[in-house]
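# Coordinate inspection notes
Chain residues, written in single-letter form:
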Amino acid sequence: MKVSLNWLKQYVDLPADLTPAQIAYDMTLRTVEVESTENTGDKFHDIIAAEVLEVKDHPNADALRICIVDIGEEKPVQIVCGGSNLYPGEHVVVCKPGAEVYWHGESELVKIKETKMRGEYSYGMICGADEVFLTDLFPESREHIIVDLKDIPCTPGQNIADVLGLNDTIIEIDNKSLTNRPDLWGHYGIARELAGIYGCELKPLPKIELDPDLPAYDVEIKEPGKCRRFTATEIENLYVKESPMWMKTLITNCGMRPINAIVDITNYVMMAVGQPSHAYDRTHVDGRKIVVRNAYKDEKLVLLDQNELDLTEDDLVVCDAYGPMNLAGIKGGIKDSVLPDTTGIILEIANFTAQTVRKTGARFNEKTDAAMRYEKNLDTQRVDDGLALSLQLFRELYPECRIVAHADDYPVVTQQEHIDVAQEFLDVRLGKALGRETIEGVLKGVGYEVEFENGIYHVTVPVWRSTGDVSIKDDVLGDIARLLSFESFEEQPLTVKFENSVIQRDVTLERRLREYLAYRCGFNEIFTYPWVDDKYIRAAKVDMEKSVRLATPPSEELAVLRSSLVPGMLESIVKNLRYFTSFRMFEVAQAFEKGVYHESTETETLPVHRKYMTGCIVGKDARQIFYQMKGVLETMASYCHMEEMIMVQEVQPAWADRNAWLNLKVGNACVGSFGLLSVSTMNDAKIKRTNAAVFEINVDLLKPFASRTNVFEHLPLYPLVEKDLSVIVDETVTWKQIQEAIGGKVKELEFKEEYRGNQVPEGKKSIMLRVKIGNDDSTMTSEQIDKKMETILKTLHKRVGAELRTE
């Protein structure tokens, strides 16, 4: 949000020695995060107002004119210009040598120099609006139009920023830091904070009393749960004209575009007090009636930008007697817009609930300045500020205007919060004993009402902060601390004594898991949002009955918190396949399920959440990535210093291939699974032309070792004999069975390769394995070697039906 320092000074007299940099610093530490400050006058250096004294034809160019111009110096200067609206006595904008402008449509700034144009000397440049940053203030109807300062008081030589009120400082605030502060979405709210910070007096907003005998305009709110207040004021004797320059300048400096006086008043009021408003051409409100209701089924609305919306029964609309006129709190419709022939309006100033505006805006992807303010949950009393300021401006800009009808339908009033805060509570939490006078002064400076009795501050929260922002004593404490500045509190030494170290084996294990996957196995760690797109949940075949749904999701399809990390991994695979054909990723994060969980106290109730770890290996060769994943998981226990995971096939994961999957068990508990993604899962997730092996493990069920269990073993004193064997076994025989059969008869056993081909009978496979054998007390003889190998072969034949491969 952009805030004008000139505008703020209309509401509060700041200390004279206060610099914009200091204001930005203090606001960041005490109120909101300031991203930057900009002096809008800096870019207008060497750009001045001037008067054209004489206009002559150029002898060598029909499209150019030679102008004699008074620029406020001793002698007039000659400037060659191609403007089509030049005339003697005209006040224009001139760029002197050294000024920087956009030269005739160039995208980069160009520094003006004295030059010759078609043989005639030219001192500087007479400018059009698009050349000197003035397009919003002087929109051009055609090319070659120079800025005419007619009716704007100025003298030759005066800097154009001074002429137009463009010497301002714009403070840009990070919108995220304003999310919980609806009172700060207007200049008056920011001025109130500055008054509190610097101990200055805040000037009051205008008040207005309407004639109690005014006829009532017909307004009906059918959804008071969505529209808490709606005022409609009918004003006649208006016409479309330009706003005064002071208003256009302030609006432009704050990032909006002036339209006409009627529309500009509504935008000005919104930026002044943070209260959106809307003007309807009164001749377009059929039946002289306004109804605020939910849209009907299959009802449509065409917005100002010609975008046609198919409304739902959950969308709130403002209607006349016959149909919708605008999307409540978001954007006006084409039917109700102010047109060049408008002579009277219905001024709407209303209060719509945050959830209503947020849901409808998200549904139609409409994010307007009005919607952003309503989404923060405005107080209903702010309507009075918006109405008073609006009517004051209409009377100032249109002295002949007349209010002919008014309505104020007010079903729900924002109630002020009342909070008791003990002096002892403040002393302990602040770490500093503050006097009563200091505390009362800080709170009253930003609108609180405070009474002190028996060590208790009875605090009445201002209505603009009673919208969920300030509701408990800790919020009041926070306001005291930030307004005094956290820098004003001295550091206090810790009173905790550390007598021994705390061993958190679960925390250590999690770190080891991350390091093992990242450093040793080449995985990249990812971080995803806790909400998941429904299509990836369905693709992973996750049961959504146990899932937790968000009351106010970021969007309709992101309403479910993850109960498994696999859907989020599917989405990450899809996104990364746009850039890579093979990769490895993992994530360690919380997953959530319906249920009750108390994190710290019985009063703090959360959904059940557990820590999971998921990972994937993506590549073309399904067999290869499956075995790579298997190897990663098999060696995880030894590197991460935890109990070994046993691989079995018991319960197939819903997302896995029907054959290529395994469960992971620690003791009797199943801690996870891994496998190749099934074809249906990849099709539903739109994973194409590749394969992916995925694992998911419940980290909470993994058991880290309490201490090291390494056993020292001597290196062999006598050389080991290495032998390779190729045996033929049934397809159903696993490597695990071979390990169990002969693992205890050899020093080392290693799988080398698996083969199927012409030399191997159907239903069989050839396995090459490598064994290392030896004696503990002597070198093996040939006879001992042959006998040992014969024993190994006999054992393999007996246990798994293995036959020595001879060809």
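Look up: the structure comes first, before these words.
For the structure given in this document, a descriptive report is provided here. Computed from a predicted model, the values in this text were never measured in an experiment. (Residues numbered from 1 in each chain as written. Predicted model: local features only at pLDDT ≥ 70, side-chain atom pairs only at ≥ 80, totals over all residues. Heavy atoms only, no water.)

### Notes on the overall build of the chain
- Counting its regular elements, the chain contains 20 helices and 39 strands.
- Over its C-alpha trace the chain gives a radius of gyration of 38 Å, far above what one expects of a compact globule, namely 28 Å for 807 residues.
- Each principal axis of the C-alpha atoms in the chain carries an extent, and together these give about 120 × 85 × 65 Å.
- Burial status across the chain gives 48% buried among its 807 residues. (Helix = DSSP H or I, 4+ residues; strand = E, 2+ residues; numbered from the N terminus. Rg over C-alpha atoms; globule rule 2.2 N^0.38 Å. Buried < 20%, exposed > 50% of the residue type's maximum accessible area, 1.4 Å probe, protein only.)

### Some points on the pattern of salt bridges
- Going through the model one piece at a time under the given rule, you end up with 54 salt bridges.
- For Lys-289, the salt bridge identified is with Asp-218, shortest N-O distance 3.4 Å. Separated by 71 residues along the polypeptide, Lys-289 in strand S16 (residues 289-294) and Asp-218 in strand S13 (residues 218-221) bring together distant segments of the chain.
- Within the structure, one salt-bridge network assembled from shared partners comprises Arg-181, Asp-183, Glu-193, Arg-465, Asp-469, Asp-479 and Arg-482. (Salt bridge = Lys/Arg side-chain N within 4 Å of Asp/Glu carboxyl O.)

### Considerations on helix H10 (residues 423-430)
- The set of residues buried in H10 consists of Gln-423, Phe-425, Leu-426 and Leu-430. Taken down its axis, H10 places every buried residue within 160° of arc, on the same side. Opposite the buried face of H10, at more than 90 degrees from it, the exposed residues are Glu-424 and Val-428.
- Where H10 is buried, its residues meet strand S24 (418-422), helix H11 (436-445), strand S25 (449-453), strand S26 (456-460) and helix H12 (473-484). (Arc of directions from axis to C-beta. Contact = heavy atoms within 4.5 Å.)

### Side note on helix H13 (residues 505-520)
- The end-to-end C-alpha separation of H13 is 21 Å, in line with the 22 Å expected for 16 residues at 1.5 Å each.
- Those residues of H13 lying buried are Leu-509, Glu-510, Leu-513, Tyr-516 and Leu-517. Taken end-on, H13 shows its buried residues confined to a sector of 125°, consistent with a single buried face.
- Where H13 is buried, its residues meet strand S30 (583-598), strand S31 (605-619), helix H16 (622-634), helix H17 (636-640) and strand S35 (691-698). (Expected span 1.5 Å × (residues − 1).)

### Brief notes about a positive patch on the surface
- Taken together, the side chains of Lys-535, Lys-620, Lys-686, Lys-688 and Arg-689 define a basic patch exposed on the protein surface.
- Judged by relative accessible area, which is 54%, Lys-686 ranks as exposed. (Patch = residues over 30% accessible without salt bridge, like charges linked within 9 Å, V, L, I, M, F, W, Y side chains within 5 Å. Areas by Shrake-Rupley, 256 points an atom, 1.4 Å probe, with all protein chains shown as cover. Lys, Arg positive; Asp, Glu negative; His and termini not counted. Charge placed at Lys NZ, Arg CZ, Asp CG, Glu CD.)

### A look at the packing of aromatic side chains
- Per the stated rule, a full pass over the model turns up 14 aromatic pairs.
- Both rings, one in Trp-7 and one in Tyr-268, keep their centres 4.6 Å apart while their planes meet at 25°; by these two values the pair is stacked. Here Trp-7, found in helix H1 (residues 5-8), pairs with Tyr-268, found in helix H6 (residues 261-273); they are 261 residues apart in sequence, far enough to count as distant. Accessibility classification places Trp-7 together with Tyr-268 in one group, the buried group.
- Centre to centre, the rings of Tyr-102 and Phe-133 are 5.7 Å apart; their planes meet at 75°, and the pair counts as edge-to-face. (Phe/Tyr/Trp six-rings, centres within 6.5 Å; stacked < 30°, edge-to-face > 60°.)

### Some points on the state of the cysteines
- The tally for this structure, following the rule as stated, stands at 0 disulfides.
- Its sulfur unpaired, Cys-67 is 5.5 Å from the next cysteine sulfur, which belongs to Cys-81.
- On the basis of relative accessibility, which here comes to 0%, the residue Cys-67 falls in the buried class.
- Take Cys-154: it sits in no disulfide, and the sulfur closest to it among the cysteines is that of Cys-127, at 14 Å.
- On the accessibility criterion, Cys-154 (16% relative accessible area) is buried. (Disulfide = S-S within 2.5 Å.)

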